[in-house]
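Each chain, written out:
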Amino acid sequence: MRLRPTLFGLCLILTACGSVPTTPATQHSSAGSQSSQIAKQKTWVAPIDRADERVTKKPFGIFITPQNSPVQPEKFKGYHTGTDFELLPGETPHAVTVRAACAGKLIYKQTVSGYGGVAIQRCTLNGSPVTVLYGHLSLTSVDTPLNQDLKPDDRIGVLGTGFSSETDGERPHLHFAIHHGAQVELKGYVQTKEELDGWVDAETVLGLSL
Ligand SMILES: [Zn+2]
């Protein structure tokens with residue numbers, strides 16, 4: 001007679017003990033938070049709306065000469081180190097927002113020959129430092145102070161007006177380039193394929209379908 005309550009009690013204890021580590025809900029939510037962390041780590045985003053539609057003239061790595069260039073007249077020659085995002089019909093440059101493509105500090109903003117307004121951000125790609133160049137901007141629109149952190153999608157500024165000092169006389173567009181290493185690199189074209197290896201194909205990084 002005394003055995004039954006003891007077994008019953010033991011059974012209760014075992015059931016209670018058994019239920020403690022069996023926490024499918026907790027395991028589920030922890031797996032969920034892990035996958036959302038992985039999603040958050042996917043930190044690269046396109047620097048401009050409708051990015052896929054805009055790469056119509058100079059993609060990454062194209063070899064440009066004044067004769068073959070899709071842009072006429074052309075003053076540059078060499079391998080294009082960035083991706084050019086063009087203005088879409090009906091847009092005005094100052095109405096086109098350029099946003100941070102990655103997480104990192106703004107390390108440079110200046111007027112540069114060949115570009116007009118340039119902003120450069122230092123980010124990380126696959127665990128290594130890179131610099132990210134945004135060229136042909138309206139420099140006065142870049143109001144983030146130097147050395148301030150930017151998150152992906154934070155506003156960098158707006159495109160510069162075409163054929164003005166904001167674009168150094170070029171058509172309105174965004175030149176977007178990713179260079180290996182932490183140091184500022186401004187070249188928009190290089191003369192050898194070996195030199196081009198210093199840059200990363202931004203279209204691949206951003207997953208654009210052109
Ligand atoms: Zn370009």
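Residues numbered from 1 in each chain as written. Predicted model: local features only at pLDDT ≥ 70, side-chain atom pairs only at ≥ 80, totals over all residues.

Turning next to the pairing of strand 5 (residues 104-112). In terms of strand pairing, strand 5 meets strand 8 (residues 149-150) through 2 bridges, oriented antiparallel. Bridge pairing in strand 8 places K105 opposite D149. Pairing between strand 5 and strand 6 (residues 116-125): 7 bridges, direction antiparallel. Bridge pairing links K109 to A119 in strand 6. Once strand 5 ends, the chain turns through 3 residues before running back antiparallel as strand 6, passing G114 with a positive phi of about 95°. (Pairing = 2+ DSSP bridges. Helix = DSSP H or I, 4+ residues; strand = E, 2+ residues; numbered from the N terminus.)

Mapped onto the elements, S128 comes out in strand 7 (residues 128-137). Given 11 C-beta atoms within 10 Å, S128 falls into the exposed group. When the C-alpha atoms of S128 and H180 are compared, they prove to be 7.8 Å apart, with 52 residues separating the residues in sequence. (Buried ≥ 20, exposed ≤ 12 C-beta atoms within 10 Å, placed from the backbone.)

Two strands in a sheet stick together by hydrogen bonds in their backbones, pointing the same way (parallel) or opposite ways (antiparallel). Taken together, 3 strands build an open sheet; the order of strands is 1-2-11 and the sheet is antiparallel. Both outer strands of the open sheet, strand 1 (63-64) and strand 11 (189-190), are each paired with one neighbouring strand and no more. Bridging between strand 1 and strand 2 (residues 78-80) involves 2 bridges; their strand directions are antiparallel. By the bridge assignment for strand 2, I64 is matched with G78.

Membership of the largest hydrophobic core comes to 32 residues, with the highest contact counts inside it found for V98, A119, V132, Y134 and L137. Mapped by element, the contributors of at least two residues to this core are strand 6, strand 7, strand 9 (155-158) and strand 10 (173-180). Of all the elements, strand 7 adds the most residues to this core, at 5 residues. Among all residues touching Y134, those that are not within four sequence positions of it are P47, V98, V118, A119, I156, L174 and F176. (Core = buried A, V, L, I, M, F, W, Y, C linked by C-beta atoms within 7 Å. Contact = placed C-beta atoms within 7 Å.)

It is worth spelling out the environment of L139 at this point. For L139, the position within the fold is in the loop between strand 7 and strand 8. Using a count of 18 C-beta atoms within 10 Å as the deciding quantity, one classes L139 as partly exposed. Counting along the chain gives 27 residues from L139 to E166, while the straight-line C-alpha distance between them is 7.0 Å. Excluding anything up to four places from it in sequence, L139 contacts K109, T111, G117 and E166.

Let us look at the confidence of the model for the protein chain. Detailed reading of the predicted coordinates is not advisable wherever pLDDT falls low. With 80% of its residues at a pLDDT of 70 or more, the protein chain shows a mean pLDDT of 86. The low-confidence segment residues 1-32 (pLDDT under 50) makes 0 contacts with residues lying over four places distant or belonging to another chain. (pLDDT = per-residue confidence, 0-100.)

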